[in-house]
Each structure stands twice: as structure tokens, then as C-alpha cells.
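A structural walkthrough
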Amino acid sequence: GAVVSQHPSWVICKSGTSVKIECRSLDFQATTMFWYRQFPKQSLMLMATSNEGSKATYEQGVEKDKFLINHASLTLSTLTVTSAHPEDSSFYICSAREHGLTSREQYFGPGTRLTVT
Amino acid sequence: EDKVVQSPLSLVVHEGDTVTLNCSYEVTNFRSLLWYKQEKKAPTFLFMLTSSGIEKKSGRLSSILDKKELFSILNITATQTGDSAIYLCAVGQGGSEKLVFGKGTKLTVNP
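Residues numbered from 1 in each chain as written. Chains lettered and ligands numbered in written order. Predicted model: local features only at pLDDT ≥ 70, side-chain atom pairs only at ≥ 80, totals over all residues. Heavy atoms only, no water.

**Points about the overall build of chain A**
Selection rule: In DSSP terms, a helix is any run of H or I states spanning at least four residues, a strand is any run of E spanning at least two, and both are numbered starting from the N terminus. For this measure, only C-alpha atoms enter the radius of gyration; the expected value for a globule follows 2.2 Å times N^0.38, where N is the number of residues.
Scanning chain A for helices and strands turns up zero helices and 11 strands. For chain A, the succession of helices and strands along the chain, N to C, is β-β-β-β-β-β-β-β-β-β-β. Since a compact globule built from 117 residues should have a radius of gyration of about 13 Å, the 13 Å found for chain A is in line with a globular shape. Overall, chain A is about 40 × 25 × 20 Å in size when its C-alpha atoms are taken along their principal axes.

Laid out in C-alpha cells, this is it:
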């Protein structure tokens, strides 16, 4: 099946610094990638939809200047958490939908656990 | 407001039991309903349902969708300890292909 990777798998950073998370589709091209955030014992909350070559679409309540998304190619999207604060600590998961197929399945990456101290 | 509601939120059973997990939804522009299993990391895909009344089956797991009553169930027969996980229901919306997730059902299967 399709594989999506994320890097890093976990990161600890100091408050006020920025962190970049990469999401790659390894064996397929992804027109659309999605970024989710999951707090402990909560479900996945969609943060933004990332389309290759265009600006990301952010969900209500998600600050686009704080969570910068770049989808520069059909296999890579990045999420940068700028000026991170402890409340940004969470599990960030990306998913990708394969370009050109009728399947609506999204393939999920393994997630990145961010801890801001 | 789009919402997906799963019940129960948690469930503890013994190996060999059969469980039924519920998912109801109110989502605009419905396209599909998906079930995922989440253990320690990211969700893994189980089923995608788009048509009412057609059961999808994979081993001991099966699922069915009722688009009139806006719900789906996931059945697991002869449960095993390896079935312990959080089961997530998500509804896909047309156009953007966004997924709206429920809060999940935490299943614990004791030996």
C-alpha cells in the first residue's frame, strides 16, 4: 500500500523557536495533503489542507501565520510551527491523497510528537 | 456544524466477545465514511463505505453504512487482545475531500 513518512518522529524545542515537520509520500504523488493535530485522548482535528502549488486552506481557528504550510512538490509538504509555545505541544499527523485516482482514501503518516518546553 | 459522533467512547471486553461500535454523522456534502484503527501512532485504514446496505468484510471485522439514518457500525467478532486500539470513524466531504473525525471508541480486549 501507499506509504507516507514524517520527519522528525518526535521533537523537543524551546518556547519561542520554530519547528519544521516534513510529510512525504514515498511511492505515489499526492496532489493534496492534510495536516491534523491530536491532543491526548482527543480525536484528530484537521488544521489545514495543502494543495501542491497553491496556498493552503486553513480551518477556522487555525492561525495561518503561526502554522506555515508549504506544498512545493507532489511528494512533499511541510508544516512549520513558528514561535512555538507549550500549548502547541501535540501530536501532528499528515495524510496524503493519491493524485489522479478515484479512491478517496487518505494515507496517514506515522505522526510527529512535538513537545515545547 | 459538521459532526461525527461515536459510541461508546470506551469499551472493555474479554477475548472471544463480539463488539459493535457505532458512528452517527451530520455532515454536509457527504461522500464516504471511513473506519480507522489507531494504536500508538497514526491511524491505519480499515474500511471505506459509500453505499447504503452493502457490508464490507475483512476477516473478523465488518462494517455497514445506512445513509438514510446517517450511521455506520463496525463489528468485530471473536475479539483478540491485538484488537485493543482506538477505532476512529471519519466522514469524507465532497470537493475538498476533507475528513471529519469522531472522537473514537477506545476498545480494550482483556485475555
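So, next bit.
**A word on the environment of Tyr25 of chain B**
Residue and element names in this part refer to chain B. Just so we agree on the cut-off: To sort residues, take the accessible area from a 1.4 Å probe on protein chains only and compare it with the maximum for the residue type: under 20% means buried, over 50% means exposed, and anything in between is partly exposed.
By the element assignment, Tyr25 lies in strand 3 (residues 19–26). Here Tyr25 falls in the buried class, since its relative accessible area comes to 5%. Along the sequence, Tyr25 and Leu70 sit 45 residues apart, while their C-alpha atoms lie 5.7 Å from each other.

**Description of the pattern of salt bridges**
Residues and elements named next belong to chain A. Here is the rule: Only one rule defines a salt bridge in this text: a Lys or Arg side-chain nitrogen within 4 Å of an Asp or Glu carboxyl oxygen.
In total, this model carries four salt bridges over all chains according to the counting rule given. Between Glu22 and Arg24 there is a salt bridge, with its nearest N and O atoms 3.5 Å apart. Looking at Glu22, the relative accessible area reads 23%, which means it is partly exposed. What makes Arg24 partly exposed here is its relative accessible area of 33%.

**Looking at the nonpolar core**
Worth spelling out the cut-off: Side-chain atoms within 4.5 Å link the members of a nonpolar core, which is a set of buried Ala, Val, Leu, Ile, Met, Phe, Trp, Tyr and Cys residues. Every residue pair with non-hydrogen atoms within 4.5 Å of one another is taken to be in contact.
Of all hydrophobic cores here, the largest spans 25 residues; its most connected members are Val4, Trp35, Phe67, Leu79, Tyr92 and Leu114 of chain A. Counting residues per element, the ones that place at least two in this core are strand 2 (10–13), strand 3 (19–25), strand 4 (30–38), strand 5 (45–51), strand 7 (67–73), strand 8 (76–81), strand 9 (90–98) and strand 11 (112–116) of chain A. Setting aside residues up to four positions removed in sequence, Phe67 of chain A forms contacts with Arg37, Met47, Tyr58, Val62, Leu79, Thr80, Val81, Asp88 and Tyr92 of chain A. Listed in part, the 22 residues of the second largest apolar core include Val19, Tyr87, Val100 and Val109 of chain B.

Read these as geometric descriptors, not functional statements.
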